[in-house]
Each structure stands twice: as structure tokens, then as C-alpha cells.
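What follows is the residue order along each chain.
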Amino acid sequence: MASALLSKTTSDWCFNLLRPRYPSLPPPILSHPPTLLLTWRPFRSFFSTKRLSTFLAMDGSKAGPLKELPLGIDATTEEEYASQSRLLQEFTSISSIDKAWIFKSDSGIGSQAMFSISQPNLLANKGKKFILSSHISRGSNNSVNFQWAPFPIEMTGVSVIVPSPSGAKLLVVRNPENESPCQFEIWGRAQVEKEFHIPQSVHGSVYADGWFQGISWNSDETLIAYVAEEPSPSKPTFTGQGYKKGSSTEKDFGNWKGQGDWKEEWGETYAGKRQPALFVININSGEAQAVKGIEKSLSVGQVVWAPPVRGSHQYLVFVGWSEGTRKLGIKYCFNRPCALYAVRAPNFESEADGPELKDNSTEDVPVINLTQSISSAFYPRFSPDGKFLSFLSARSSVDSGAHSATDSLHRIDWPIDGLLSSSAKIVDVVPVVMCAEDGSFPGLYWSSFLSNPWLSDGCTMIITSIWGSCQVILSVNVLSGEVIRISPTDSNSSWSVLTLDGNNIVAVSSSPVDVPHINYGYLVDKESKSTAWSWQNVPSPTNECSEKVKSLLSSLQFSIMKIPLRDVSDSVTKGAAKPFEAIFVSSKTKRNDPFDPLIVILHGGPHAVSLSSFSKSLGFLSSIGFNLLLVNYRGSLGFGEEALQSLLGKVGSQDVNDVLVAIDHVIDLGLASPSKLAVLGGSHGGFLTTHLIGQAPDKFVAAVARNPVCNLTLMVGTTDIPDWVYVEAYGSEGKNSFTDAPSAEHLTLFQSKSPIAHVSKVKTPTLFLLGAQDLRVPVSTGLQYARALKEKGVPVKVIVFPNDTHAIERPQSDFESFLNIGVWFKKYLS
Ligand SMILES: CC(=O)N[C@@H](C)C(=O)N[C@@H](C)C(=O)O
């Protein structure tokens, strides 16, 4: 019996695997010393590691000295781990296309493209970044041809690259890993032309992602404005004799540094990061100056240069977030009030400066708030002629307290004389859509703006947004307000814009069953007023994945389903009474008889969305025999503001019910069996997962919760976004009742709306994946719930990743998470 257990091969659901990308990589699950893994298995196999080795010896087989199995793995699951891990490695190594830039070609024919590509490096537990170049030429009939460089080039140690507007120079920033200076390099076409080391006494690391990122070249390409961490504050110094008067940042053998006052940070993923501040570097001299006059309490980001006005000082426009009485978490939080400000750029003494620019007195020139009359303004973009400034606003989010909601687009006319005013009229360009009519524009969501999003007419922006369950490319005329969906409407795939090539678009598209592909788009008929775009699929090395993955994905299909509501009450708004959507991914042919097991996948937020784009981890799960149902319950982004706002105050009931309705829908269609259901969700999706196994205790055979919100009463005192708990539990009015001193009445309501209120009913075996550095949903929340299940004898497995934050996205942690998810579901659903 034991040898049967041990000799169980991968043939149960064996894959004819190709050689993995990292041939020397040992099975990662065995190479994981830092992961803390707690396993509680009331129904665990009789053969614990010790018993198994004894049994083997008694069996008389040539056992030899048996290796202990790693923590959390038993003999029954080890083969499964080994076989799934090989396939997961093939999915993991698929590269992602993150950004692209277009340059004029030296030959004057066609253009040059540079693509930034990333790939996880499991052994190093880091992302690898590459640059892949291509020459783009146009043939007859509008055909386009990309000639790719033979290999990509790795960008080791590079934090961010930003080409100059003309494309003649490239800024490369290398952030230090310790107290070393921050390195700026200016590259020409063939070599590094300048290299500057900015000491920590001037500033810390340059912000290279998230809300605060912003690097902008001025028009004559001599100055670069950017956002970096302010220098370290000086701390009290103590010597053998006690406190040493005066401040010093120097380290010395004869003294030691105290902590000084604690400073608020921006929460999740910003731990240890200092206040973002504005700087300008002169690339001729290498001198870097802090921009003066900005209030210390203002965090800054997204800086751009205002159009130059002859004979007048240059201004910078940036986004500022005020701190108020405390900083609340800002990652995934669009509801933090912010405004656009204009500030005078510092002067650098240089021969090029005219006499009128020698005045260095920027301190007494006020910083102007340009968007006082609106609670949120970000992504400032000047039109190419400098006549207006457009920007996005999340005012709906700020005003309602929902952490993300429908955005709006605005513009202000820019004074040609350079006389700025804080009372400039804000024009609404694309308003918030309250009720999304079938098939029509639902509003702007999570839009991303290129640094140059403009077509040559100077008033059309090309942007990426969300439309139902799809990511789409839109053209937006900033003068007329006309919005057109220009990515194909006959496809359910997701599209996003990478860069513009003049009036043409380089985009990436993907779907749950197609890895990302590059596409080239152009207006079919430029002369007529036609708005039809044609898209050409561009063969590219980035489109490649292993033959195994290709073949597995080609056996899958997906559809976007409309799920009608059940029992709509009269009190719901029109927008909230409309069907919601779910993405159903299945095998083209049934793999199991009569039904493949179904994993219900629930996104977090709750104001986020599951998109119809490719996901390596979900591609892996659908390839190992599971159908998937990604439910975009009401409250998700992409369906109009009324549907989104309908969830506030109703979490744990309306969203739970929507998921149950979606499940019944696929069962009624004959696509799933009620006895083969599992559920997986993270964060608010983990809230739903744990609610569902409590409220529908007989429905799910297995569950997985990643950093789940299980107890709002516990979370409110420990999370970086306690305001979220109030708004989601009480509705919009919770925004005003939010306090850091919750009353007994508040705590009682939070308890009643939490999954922990239903924990006594749970029977479903549940896997918990927890990040110990999570500031959003602290690890204690998931641990408490898991312990409560254990107390009841429910099968539970917990993996804590000691160095991971909320997203659990470090390559090894992501890998181990999805490997365990695959094995967990196989164990209970096969
Ligand atoms: C606003 C927010 O972070 N809410 C969390 C509870 C959550 O669900 N987060 C989402 C974004 C996630 O998927 O992590």
C-alpha cells in the first residue's frame, strides 16, 4: 500500500512537459526555507512522515534512509506538487509587455520601437526587465512590418527609463538599495553621455511607480523634473555622556542614533518610504535642486512642465495630496483628495538663461491650486499646442468614500500670457455615467494616460479604460467630449494602448485563453470623417510561449455572460437593476464526465473588476482541469456609477447574493455541477469567499482565501484604511462617521457584517495564503479566522509569506501560492 502511494506517478493527469525554462531550478516548493507554513489537517493522511518511514521499513522494501518530506507536503500530494510545479513554471515564465516608446528612424523610413518587457526570476525572487527593439515599416495596403532585434537586452538595476521628447536622449535612473547616492544617467544613441550621483542629503530614491511617480523633461531637454523621497530627517544623537546637542546625520563610532518622532506613511507598500518631494536636475551641470515653496505636508507626484512662455518663468504642474490629521492608505485608493498645483521651477545659473531668469526667489511666489473647486484631479496632460490642460478626476470616489468609482475627464484653458489663477474654469469633458445603457459607454475607469496621449489633431487623446468585463482603448475628443471605443467591438478580449506611432497605435491584447499579443492600429480612412480603426496582429517574439502552454490554452474557450438579477427590489436604482457580468472559462471539450469542476473567482476591492485579459495563474488553473467563473458582482468597476454605489452599506449580503445568482445561472445552463464547486478570492474577494462558505455551508467542496477580510471589527483598528470599513459597512454616510475611536455600536455592526459571524456553520476545507507584511488586511485577520475553523475541526491549511505585502506578488510567493491552490483544489475536487 505504501509503495503504491509512493509510486503514484504523474500519469493521473500527466502533462507531456517540455523542458522547463530554468533547467537547473530545483522544485521551488523544496527550496523555500523562509516560508512559514502552518498545516492543520484533522483529516490528514494516516501516513504522517514518521509513520510512513517506519511502515516502509516494516514493509521490507529497500527503503534506505528516507528524506523527511517538506513541511505541509505528504506523500499523497508530493507527486501532485512535482507535476503541477513543472507546468506552473511554464506559465510563470511567460513574459509581460509593460511599456513601449516610438522613435524616429535614423533612415527616415518608418520608426523605431522599444518595448519594456518583464519576466519573473524565481531563483532570484525578483522581476527581470528587458528591452526589446524593433524597426517598424509600412508596406502597401497599410500593412505594417516589425523587424525585431535578435535578442532583448536586460536592464539590470534600472528603476525607470524616460526618453526625452525628441527621442535624442534617454534618462536612466538607478535607485540605491542602501544609503548610496541615486544614480542618473543620460544616454545618447551609442553611449552614456553623463552620469550624476545625487547624494542622500539631497534626496532618496526616485519614485518610479504608483501615484507619486512623475518624471518630465522640459522642452529644450536641459532640465528634468521628478519626484523623489525627501532626505532623511536628522535624528537625536546619543553618546556615552547622553544626548548630544544639535543635529547631525553623520554616523560615528562614538555615538548612536535615536528614533525621533514617528512619521505617518501612506500605508500598504509605502512602509519605510519618505515623503515624496519635487526636484529638478540640470543635465548639463548635474546640479539637482529641491523645488521651493511647496508646503511640507503636501505629498507630490505626476509632475509635468507647463508650456514655456517667452520671457517668463517656467512653471511645473504637479498633483498634491494633503495629509490632514493622518495619512490613510493610498494604494488602490482613488478616494484620497488631491489637486493640481502650479509652482515656479527653480532657476539654474547658466549661460543659456536670459537676464530675467536670474532671479532665484521662488520661495515667495505662491504655489497655485489650479483645481480648488473639485475634490480630485490627477494625470495632468497639456495639449500639444499648450492651450489647455486636461486631467482625470476621481471626485465620485472622494465624495462618496468608495475607494474606487467612475472617473471623469476635465480640462482647463491655459493662459497664454502665463498668468495663472486658482479660479480657472474647469470644463467637464467626460462626465460620470450614472446608468450604463446596454452596449453603450459605461464611463471611465482606472484609465491610464500615456505621457503623450495625443493624436495630431491636438485634441484627441487615446486612453485605456474599462468597459464591462473588458479593458478597451478609447479615443476621447477633449474639445467636443466625444468618446469612441476604438479597440475591436466584436471581440471579448482586453486591449490596452502601449504607445502612439504618430496617428497610429501600438497596443497589446489578450484574453483568458490567449497570451498577450502586440497589435498595430490605424484609422481606416483619414480623409473622410470615418472613425473606424483597423487592427493588425503583429508577429513578435513576445507573443511566444511554450508549445505545452500553447496547446493547453488552445483547448480552452471563454465567454462573457450577462447574469440577470433575482428579486429586484423597488428601491434599487435603474443602473443597479441591470444584469451584471461573469467571465466563464471552460474546456472546448468536457474533460471529466459529466462536469468539470468549477472554481468561482472573486475579485477584491470590492470596487475593482475581473478583466477578460490573460492571467498566468488563472491560465494555469484552467489548464489543469478546472472551469472558471469570474464574477463581476454589482459594485465592480465598468458598469456605471449607480451599479457601483449600490453595494456601499450592503457588503456581505448584496455581493454574496450576486455570486450565488451567478453560480445558479451556470448550473441552470448545464455548465456546472452543484456538487463540484470551489471558491477562490483575495482581500474583499476573500471576504466573499469566507462569507460564502459560512452562508452557504453545503455549496463549496473547497475554498482558498488570500489575505481575506474576515473580521471588520478586528480590521478597523489595524488596517491602513479604517475608513474603508466604515464606508463599505455603513454606506456613503460612513465616510462622515469614520473615526479612529470606533464606538461599541460601530463594532457591533462591523461584527454582524463580517464572515466571522457565520464561522460556526463552515465545513469547507479552506487554504489561507497570508502576507505577513500586509498593512491593508493585516495577517491577524486571516489567522484569527483560520484558527476558529481549526477549533471546529474544519480542514485548514495556512501559508504565511513573511516578506509579502497585500498582493503576495513576489515571484516565489506567487508561485508557491498558485501551486498550493492547484494542489488544494485537485485534492478536494478530483
Ligand atoms: C481598497 C482596498 O484595498 N480594499 C481591499 C480590502 C481590497 O479588496 N483590495 C483589492 C484591491 C485587492 O484585490 O487586493
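Reading the values: the criteria
Residues numbered from 1 in each chain as written. Predicted model: local features only at pLDDT ≥ 70, side-chain atom pairs only at ≥ 80, totals over all residues. Heavy atoms only, no water. Pairing = 2+ DSSP bridges. Helix = DSSP H or I, 4+ residues; strand = E, 2+ residues; numbered from the N terminus. Axes fitted to C-alpha atoms, helices over the stretch in contact; angles between N-to-C directions. Domains from an automatic or database assignment. Contact = heavy atoms within 4.5 Å. Buried area = accessible area lost by both parts, 1.4 Å probe. Salt bridge = Lys/Arg side-chain N within 4 Å of Asp/Glu carboxyl O. Polar contact = N/O pair within 3.5 Å; in protein donor to acceptor, adjacent residues only side chain to side chain. Nonpolar A, V, L, I, M, F, W, Y, C, P; charged D, E, K, R; others polar. Expected span 1.5 Å × (residues − 1). Buried < 20%, exposed > 50% of the residue type's maximum accessible area, 1.4 Å probe, protein only. 1 Å grid on protein atoms, 1.4 Å probe; cavity = no way out; pocket = protein on both sides within 12 Å on 5 of 7 lines; lining within 4 Å. Points joined across faces, edges and corners; volume = space filled by probe spheres on them. Near = heavy atom within 4 Å. Areas by Shrake-Rupley, 256 points an atom, 1.4 Å probe, with all protein chains shown as cover. UniProt positions renumbered as here; feature names shortened; annotations may be inferred.

Caption draft 1: Seen up close, the sheet that holds strand 28 (residues 483-485). Spatially, the three strands line up as an open sheet ordered 26-27-28, and their pairing is antiparallel. On the outer flanks of this sheet lie strand 26 (460-467) and strand 28, each paired with one strand and no other. With direction set aside, neighbouring strand axes in the sheet form an average angle of 35°. The pairing of strand 27 (residues 470-477) with strand 28 spans three bridges and is antiparallel. Its bridge partner lying in strand 28, Leu474 is registered against Arg485.

Caption draft 2: Focus on the domain arrangement of the chain. Split into domains, the chain comes out as domain 1 (204-233 + 267-347 + 365-432), domain 2 (547-711 + 763-829) and domain 3 (712-753). Each of domain 2 and domain 3 has a C-alpha centre, and these two points are 24 Å apart. Across the boundary between the two partners, domain 2 contributes 21 residues, which contact 17 residues of domain 3. Between domain 2 and domain 3 lies a buried interface of about 1400 Å² when both sides are counted; carbon and sulfur atoms form 54% of it. Counting every contact that joins domain 2 to domain 3 gives one salt bridge. For Arg776, the salt bridge identified is with Asp720, shortest N-O distance 2.8 Å. Scanning the region where domain 2 abuts domain 3 turns up eleven residue pairs in polar contact (both at pLDDT 80 or more). Secondary structure elements with two or more residues in the side of domain 2 that touches domain 3: helix 9 (684-695) and helix 14 (779-792). The residue makeup of the side of domain 2 that touches domain 3, split by class, is nine nonpolar, ten polar and two charged.

Caption draft 3: Helix 9, seen in detail. Across its twelve residues, helix 9 extends 16 Å between first and last C-alpha, which sits within 8% of the 16 Å expected from 1.5 Å per residue. Helix 9 sits mainly inside the fold: eleven of its twelve residues count as buried. Every buried residue belonging to helix 9 is among His684, Gly685, Gly686, Phe687, Leu688, Thr689, Thr690, His691, Leu692, Ile693 and Gly694, and all of these are buried.

Caption draft 4: Looking closely at empty space enclosed by the protein. For the coordinates displayed, the defined rule picks out five cavities of 30 Å³ or more. In this model, the largest cavity occupies a volume close to 90 Å³. As for the largest cavity, its lining consists of ten residues, of which Gly72, Thr77, Lys797, Trp824 and Lys827 are closest to the centre. Of all the secondary-structure elements, those providing two or more residues to the lining of the largest cavity are helix 3 (75-92) and helix 15 (811-829). With four residues, the single largest contributor to the lining of the largest cavity is helix 15. Residues that form the lining of the largest cavity fall into these classes: three nonpolar, three polar and four charged. Volume-wise, the second largest cavity comes out at about 60 Å³.

Caption draft 5: Expanded view of the site of the ligand. Every residue close to the ligand is listed here: Tyr332, His403, Gly604, Gly605, Ser683, His684, Ile721, Trp724, Arg776 and His806. Here an oxygen atom of the ligand sits 2.6 Å away from a polar atom, N or O, in the main chain of Gly605. Arg776 has a polar side-chain atom sitting 2.8 Å from an oxygen atom of the ligand. Contact with the protein chains covers 86% of the free accessible surface of the ligand, which is 370 Å². Per-class residue counts for the shell around the ligand are three nonpolar, six polar and one charged.

Caption draft 6: Structural detail: the pairing of strand 19 (residues 315-322). Where burial is concerned, most of strand 19 is hidden: seven out of the eight residues are buried. With six bridges joining them, strand 18 (residues 298-305) and strand 19 adopt antiparallel strand pairing. When the sheet's bridge partners are listed, Trp305 is paired in strand 19 with Leu316. Pairing geometry for strand 19 and strand 20 (residues 339-344), over six bridges, is antiparallel. Paired with Val317 across the strands is Ala342, a residue of strand 20.

Caption draft 7: How the structure looks around the UniProt feature "domain: Peptidase S9 prolyl oligopeptidase catalytic" (unreviewed entry) in the chain. When the UniProt feature table is mapped to this numbering, "domain: Peptidase S9 prolyl oligopeptidase catalytic" (unreviewed entry) covers residues 613-829. Here residues 613-829 runs as 46% helix and 13% strand, with 26 Å between its end C-alpha atoms.

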